[in-house]
Amino acid sequence: MFPLQGGYFLQTRTAPLVCQKTSRLADVVTPLWRLSYEEQLKVKFEAQKKILQRLESYLQMLNGVSVTTAAPKSKGLCCLLHPIIPSPVIDGYRNKSTFSVNRGPDGNPKTVGYYLGTWRDGNIICVRSNQLKNMPEKHNQVAQYYEVFLRQSPLEPCLLFHEGGYWRELTVRTNSQGHTMAIITFHPQKLTQEELCVQKETVKEFFTKGPGAVCDLTSLYFQESTMTRCSHQQSPYQLLFGEPHIFEDLLGLKIRISPDAFFQINTSGAEMLYQTVGELSGVNSNTILLDICCGTGVIGLSLAQYTSQVLGIELVEQAVEDARWTAAFNGITNCEFHTGRAEKILPQLLKSKEDGQLIVAVVNPARAGLHHRVIQAIRNCRAIRTLVFVSCKPQGETTRNVVELCCPPNSAKKLLGEPFVLRQAVPVDLFPHTPHCELVLLFTR
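No experiment lies behind these values; they were computed from the predicted model shown.

*Asks:* I'd like to hear about the packing of helix α3 (residues 137-152) against helix α4 (residues 193-208), residue by residue, with values.
*Replies:* Angle between the axes and distance between the axes: these two values describe a pair of packed helices. Contact pair α3 / α4: the axes reach a minimum separation of 11 Å and the direction vectors enclose 135°. Here α3 lies oblique to α4, going by the angle between them. The way α3 lies across α4 gives a crossing that is right-handed. Contacts between α3 and α4 involve Tyr145, Tyr146, Val148, Phe149 and Gln152 from the former and Thr202, Val203, Phe206 and Phe207 from the latter. Of the residues in the contact of α3 with α4, the class split is seven nonpolar, two polar and no charged.

*Asks:* So what's going on with the nonpolar core? Residues and values would help.
*Replies:* One finds Leu52, Leu290, Ile378 and Phe443 to be the most contacted residues of the largest nonpolar core, which totals 47 residues. Look past the residues within four positions of Leu290 in its chain and what remains in contact with it is Leu311, Ile313, Leu346, Leu349, Leu350, Ile359, Val360, Ala361, Val362 and Ile384. In this structure, Leu273, Phe337, Val426 and Leu430 belong to the second largest nonpolar core, which totals 43 residues.

*Asks:* Could you give me a rundown of the packing of aromatic side chains, with the residues and numbers involved?
*Replies:* Scanning the entire structure with this criterion turns up 10 aromatic pairs. When the ring of Trp167 is compared with that of Phe186, the centres are 4.7 Å apart and the planes differ by 75°; the resulting orientation is edge-to-face. In this pair, Trp167 is assigned in strand β7 (residues 167-174) and Phe186 in strand β8 (residues 180-186), connecting sequence segments 19 residues apart. The exposure class of Trp167 is buried, given its relative accessible area of 0%. For Phe186, a relative accessible area of 0% corresponds to the buried category. Seen in terms of ring centroids, Tyr221 and Tyr237 are 6.2 Å apart; in terms of plane orientation they differ by 90°. Their pairing is edge-to-face.

*Asks:* Please give an account of the sheet that holds strand β6 (residues 125-127) that cites residues and values.
*Replies:* With mixed pairing, seven strands are arranged side by side in an open sheet as β6-β5-β4-β7-β8-β9-β10. Each end of this open sheet is capped by a strand with a single partner; those strands are β6 and β10 (238-242). The average undirected angle you get between the axes of adjacent strands in this sheet is 35°. Here strand β4 (residues 96-102) pairs with strand β5 (residues 111-116) via three bridges, running antiparallel. Each bridged residue has a counterpart across the sheet, and for Ser100 the counterpart in β5 is Gly113. Each of β4, β5, β7 and β8 is contacted by α3, which is oriented at about 155° to β7, the strand it contacts most.

*Asks:* Give a description of unusual backbone geometry that names residues and reports values.
*Replies:* For Cys293, which is not glycine, the phi torsion reads 60° and is therefore positive. Note that Cys293 resides in the loop between β13 (287-292) and α6 (298-303). Taking the relative accessible area as the measure of exposure, Cys293 reaches 24% and is therefore partly exposed. The phi torsion at His433 lies on the positive side, around 80°, for a residue other than glycine. According to the relative accessible area criterion, His433 is buried, its value standing at 2%.

*Asks:* Any chance you could break down the pattern of salt bridges for me, citing the residues and the numbers?
*Replies:* For the structure shown, the criterion picks out nine salt bridges. A salt bridge links Asp27 to Arg34; its shortest N-O distance comes to 3.2 Å. Here Asp27 falls in the partly exposed class, since its relative accessible area comes to 31%. Relative accessible area serves as the criterion here: at 54%, Arg34 is assigned to the exposed category.

*Asks:* Tell me about the sheet that holds strand β17 (residues 384-391), residues and numbers included.
*Replies:* In spatial order, the strands read β3-β18-β19-β17-β16-β13-β14-β15; together these eight strands make up an open sheet with mixed pairing. The open sheet has two free edges, formed respectively by β3 (80-81) and β15 (335-339), since each of these has just one partner strand. Two strands pair when backbone bridges link them, and strand β14 (residues 309-314) and β15 are joined in this way by five bridges, in the parallel orientation. Paired with Ile313 across the strands is His338, a residue of β15. Packed onto the sheet, helix α2 (residues 37-61) meets β3, β18 (421-428) and β19 (438-444) and runs at close to 160° relative to β18.

*Asks:* Now, about the packing of helix α8 (residues 342-351) against helix α9 (residues 372-379): what can you tell me, with residues and values included?
*Replies:* It is at 8 Å that the axes of α8 and α9 come closest, and there the two elements cross at 15°. It follows that α8 is roughly parallel to α9 by the angle criterion. Crossing angle aside, the handedness with which α8 passes α9 is left-handed. For the pair α8 and α9, the contacting residues are Ala342, Glu343, Leu346, Pro347 and Leu350 in the first and Arg373, Val374, Ala377 and Ile378 in the second. Broken down by class, the residue content of the contact of α8 with α9 amounts to seven nonpolar, no polar and two charged.

Criteria and thresholds
- Residues numbered from 1 in each chain as written.
- Predicted model: local features only at pLDDT ≥ 70, side-chain atom pairs only at ≥ 80, totals over all residues.
- Heavy atoms only, no water.
- Axes fitted to C-alpha atoms, helices over the stretch in contact; angles between N-to-C directions.
- Helix = DSSP H or I, 4+ residues; strand = E, 2+ residues; numbered from the N terminus.
- Parallel < 35°, antiparallel > 145°, perpendicular 65-115°, else oblique.
- Left-handed = near helix turned anticlockwise from the far one by under 90°.
- Contact = heavy atoms within 4.5 Å.
- Nonpolar A, V, L, I, M, F, W, Y, C, P; charged D, E, K, R; others polar.
- Core = buried A, V, L, I, M, F, W, Y, C linked by side-chain atoms within 4.5 Å.
- Buried < 20%, exposed > 50% of the residue type's maximum accessible area, 1.4 Å probe, protein only.
- Phe/Tyr/Trp six-rings, centres within 6.5 Å; stacked < 30°, edge-to-face > 60°.
- Pairing = 2+ DSSP bridges.
- Salt bridge = Lys/Arg side-chain N within 4 Å of Asp/Glu carboxyl O.

What follows is the structure, given as structure tokens:
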């Protein structure tokens, strides 16, 4: 029996098995959790060093790139590698968690947690996240009560789309003030609007007046989704109760965060990351800061006072609305944010700014890296002399991006401008207990 507040319990018939699965989940999701944090940082630093060593090999072999430069370099690397910057918070640092719904170790299909196993092998189960060291207790609490709700609901969960079912994921967002936003994803199948309203009212009642009220949610959202992921534009987030946004204090700014907006999952670590970006960027009152894949605009907004203008580009409309609100609330007037795909917006935006003023570009793409046309636009804009590249997966598509930034001019690939040179690399740990790390790369030309 697993006790919850308010006298409610989660029960499993196979407690030893559950404990074993929970430990296995920790090894999968947070594989470094058994090491001291100092040892974790050593492991991560060596991993970043190997990434840069492989990157140097690519730069030397592919496209005939020469990495010879008079700039300081770390031994055996193509650039200067700084010591890893540790996270100020080691445990329970996540401000956003997404929980799945599926069969648990005891076979109950209404189990809320993280996946263990693989779809290929057909051994997927859902394991509760109670023992994950990077998970805040508040996130676990909301997930556990969502499970209580599901197990008393007459509707089945949607485990696989072609098998029917309704209840799906739960996303929990929190801030440093303790405010909590929950987002429930629901497959409507063929329910009428009246039937959907009944379900929305039921889950609202559970979290406002029922057992789930102990979670003290600041807001509860409901999204009808027939796909694995839907944006707000594809299927609007419906506010069932509470405040439409949560807010965070970061680098002296009050930041607004919508349910669909990207925000680094480690708030105090993000401050270290953005300070690092600011120091490397070298912006001044004579430069324009171009913030590509800007999310809620925090990098540009935090540096706005040091530069003449900030131009942000972001795909998610809600995030751009957050950035504009944050700028207005904090009295920042030299920021301009654009919604859409960077590969479509950037070339036109740069054409309008080719007036001789220097541009410092900051890019913070998702794991898929930057679109080739974004690289083309950056390479072919003579005004961009400095580029700061923030990568959460430098061993992936970022390698291709770096090679295209640094290779000699190539008319076939429409890479016509002067190549960049990789000067410095700074690892910043935003993900304690996991092997992941943010790597900040400084390029100049």
